[in-house]
Amino acid sequence: MGDVEAENLKKILTVLKSTDVSETKIFALECLLGLTGSDEGLETIYKNGAAICQILCDLTFDKDDNVAQKSCSILINLSAEEKGANLLTSTELSVSRPTSNIICKQNAENSVISVLLEHTLNIDTIANETCMILANISRNADNARKIYDSFERPDDAIETIVRLLLKKHDNVNLDYLASLLSNLSQLPEVRNVFLDPGKDLLQKIFPLVEQKNSIRRRFGIVGTIRNLCLSSNNHEWMLSSEVDLLPRVLLPLAGPEEFDDEDNEKLPLDLQYLPDDKTREPEAEIRKMLLEILMQLSSTRSTREILRNFNVYVILRELHKWETDHECLATCEDLVNILIRTEDEIGADNLLKVDIPEHLTEKFNES
């Protein structure tokens, strides 16, 4: 079977290198796409990885959008596999075209990453596909590092990605840029960009936490914020009025329940007297990440006091009554267990620096 696939691949590559007819290219690309559907087919592709990456990247610039999109479909399938993602980030291309990619270092312009960024940042017709590929390959921290290291000016690059996410585009949605941001925020350098008080970058992405028409954006942005909370050094600043993170995290967890005036007045202003039709975040995985953010924010005594003073407990109490997802319930219970205890009972300033039950340690350190 492997020999047959290898021979078929040889014929496919010969056709793709020699024809200018769009229909023939598309047929050959469909055959190549078929190979990505099996382990044997993928292994055959990996053995010819550099040549295939070169051909596919060249075809993303084809004058026929159908050819470019079909090439991207193959790259998407390859990038979904760890071995394929590593292939894409390690292959060096021969550049035979002028690049308009102003975000990458000059010595990175002959990379697959540069090609993907060029299409994405230029908002080409295949920008949705190329940002999905970038999101796939950046799930691995080493590959996220390769993308970051390709940036000529990393701070500007991150700000550009955020700006593209916030802007409405006519023919593309670029939702997977949120996933890319989340993956890049595995890196401390990227977190530092977001946590720079002079940039207000964290505050700029807050509206995307509740963007109703895109689960992908909500998931990516909440994941980004969760990563930004990994270090307790910035927690007090994040909870301050300058940033005002707490309402952004609590609102998706709050429902239409009524509280008495005393409880309401303790809540952050945006959480007070919510309407009868207020709904919670419908995706359990996103609710779980929001709860994990609160877990991280409760790691030190000073921030626990802030959460208590803002009456976070009553939001969690009502969420727990409503919640049906077992993992969300468990995380909610762990968080409530921390907030309802006195500091004397807790007996430590920073829960990240003491021996605590293993399941709580995992909650604090999840990223």
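You'll find the structure just up there.
Residues numbered from 1 in each chain as written. Predicted model: local features only at pLDDT ≥ 70, side-chain atom pairs only at ≥ 80, totals over all residues. Heavy atoms only, no water.

**Q** How would you summarise the overall build of the protein chain if you had to cite specific residues and measurements?
**A** Within the protein chain, the secondary structure is distributed over 23 helices and zero strands. Along the longest, intermediate and shortest principal axes, the C-alpha atoms of the protein chain span 75 × 45 × 40 Å. Across the 367 residues of the protein chain, 54% fall into the buried class. Across the protein chain, contacts joining residues at least 24 apart in sequence account for 68% of those joining residues at least 6 apart. Put simply, the protein chain shows about 17,000 Å² of open surface, and 47% of that area lies on carbon and sulfur atoms. Distance between charge centres in the protein chain, computed from 39 positive and 64 negative side chains, equals 3 Å. (Helix = DSSP H or I, 4+ residues; strand = E, 2+ residues; numbered from the N terminus. Buried < 20%, exposed > 50% of the residue type's maximum accessible area, 1.4 Å probe, protein only. Contact = heavy atoms within 4.5 Å. Areas by Shrake-Rupley, 256 points an atom, 1.4 Å probe, with all protein chains shown as cover. Lys, Arg positive; Asp, Glu negative; His and termini not counted. Charge placed at Lys NZ, Arg CZ, Asp CG, Glu CD.)

**Q** Can you break down the nonpolar core residue by residue, with the values?
**A** Ranked by internal contacts, the top residues of the largest apolar core, which has 111 residues, are L32, F151, I225 and L294. I225 has contacts with L202, I205, F206, V209, L245 and I293, leaving out every residue within four places of it along the chain. (Core = buried A, V, L, I, M, F, W, Y, C linked by side-chain atoms within 4.5 Å.)

**Q** Outline the pattern of salt bridges, supporting the account with residue identities and numerical values.
**A** Counted according to the given criterion, the structure contains 20 salt bridges. Its salt-bridge partner being R226, residue E292 comes within 2.6 Å of it at the nearest N-O pair. Pair noted here: E292 is in helix α18 (residues 284–297) and R226 is in helix α14 (residues 215–228), with a separation of 66 residues, a long-range link. Classification of R226 as buried rests on a relative accessible area of 12%. The salt bridge involving K288 is made with E292; its shortest N-O contact spans 2.7 Å. With a gap of four residues between them, K288 and E292 both fall in helix α18, about one helical turn apart. Side by side, K288 and E292 carry an identical accessibility label, which is buried. It is possible to trace a salt-bridge network through shared partners that takes in R226, K288, E292 and E327. (Salt bridge = Lys/Arg side-chain N within 4 Å of Asp/Glu carboxyl O.)

**Q** Account for the packing of helix α7 (residues 112–121) against helix α8 (residues 127–137), with residues named and values stated.
**A** It is at 8 Å that the axes of α7 and α8 come closest, and there the two elements cross at 140 degrees. In terms of orientation, α7 lies oblique with respect to α8. Considering only the axes of α7 and α8, their crossing is left-handed. Residues I113, L116, L117, H119 and T120 of α7 pack against A127, T130, C131, I133, L134 and I137 of α8. Residue composition of the contact of α7 with α8, by class: eight nonpolar, three polar and no charged. (Axes fitted to C-alpha atoms, helices over the stretch in contact; angles between N-to-C directions. Parallel < 35°, antiparallel > 145°, perpendicular 65-115°, else oblique. Left-handed = near helix turned anticlockwise from the far one by under 90°. Nonpolar A, V, L, I, M, F, W, Y, C, P; charged D, E, K, R; others polar.)

**Q** Go over the packing of aromatic side chains with me, naming the residues and quoting the values.
**A** For the structure shown, the criterion picks out one aromatic pair. Where Y148 meets F151, the ring centres are 6.4 Å apart and the plane angle is 75 degrees; that geometry is what we call edge-to-face. As far as burial versus exposure is concerned, Y148 and F151 are alike and both buried. (Phe/Tyr/Trp six-rings, centres within 6.5 Å; stacked < 30°, edge-to-face > 60°.)

**Q** If you had to explain the side chain of S79 to someone new, which residues and values would you point to?
**A** Mapped onto the elements of the fold, S79 is located in helix α5 (residues 65–79). With residues up to four places along the chain from it excluded, the contact list for S79 reads A85, L88, I133, N136, I137 and R139.

**Q** Residue-level account of helix α9 (residues 141–150), with values.
**A** Listed in full, the buried residues belonging to α9 are N143, A144, I147, Y148 and S150. Projection of α9 onto a plane perpendicular to its axis shows the buried side chains occupying an angular sector of 165 degrees, all on one side. Residues of α9 that are buried in the fold lie against α6 (82–90), α7, α8, α10 (154–166), α11 (176–184) and α12 (188–194). Backbone nitrogen of D142 and a side-chain oxygen of the N-cap are separated by 2.7 Å at the start of α9; the cap is N140. (Arc of directions from axis to C-beta. Polar contact = N/O pair within 3.5 Å; in protein donor to acceptor, adjacent residues only side chain to side chain.)

**Q** Can you lay out unusual backbone geometry for me, pointing to particular residues and giving the numbers?
**A** You will see that L174, though not glycine, has its phi angle at about 55 degrees, which is positive. Along the chain, the position of L174 falls in the loop between α10 and α11. Of note in this structure, Y273 is not a glycine but carries a positive phi near 50 degrees.

**Q** Before we move on, can you summarise the environment of Q106 with the specific residues and values?
**A** Tracing the chain through its elements places Q106 in the loop between α6 and α7. As a C-alpha pair, Q106 and T324 span 218 residues in sequence and 52 Å in three-dimensional space.

**Q** So what's going on with the state of the cysteines? Residues and values would help.
**A** Summed over all chains, the structure comprises zero disulfides. As a non-bridged cysteine, C53 has C57 as the owner of its nearest cysteine sulfur, 6.1 Å distant. This cysteine, C328, is not joined by any disulfide, and C332 carries the nearest cysteine sulfur, 8.7 Å off. C328 gets classed as buried once you look at its relative accessible area, which sits at 0%. (Disulfide = S-S within 2.5 Å.)

**Q** Tell me about the side chain of K25, and please be specific about residues and values.
**A** Among the secondary structure elements, K25 is positioned in helix α2 (residues 22–35). At 2.6 Å, the side chain of K25 forms a polar contact with the side chain of D62. Setting aside anything within four residues of it in sequence, one finds K25 in contact with L16, T19, D20, L59, D62 and V67.

Purely geometric numbers; function is a separate question.
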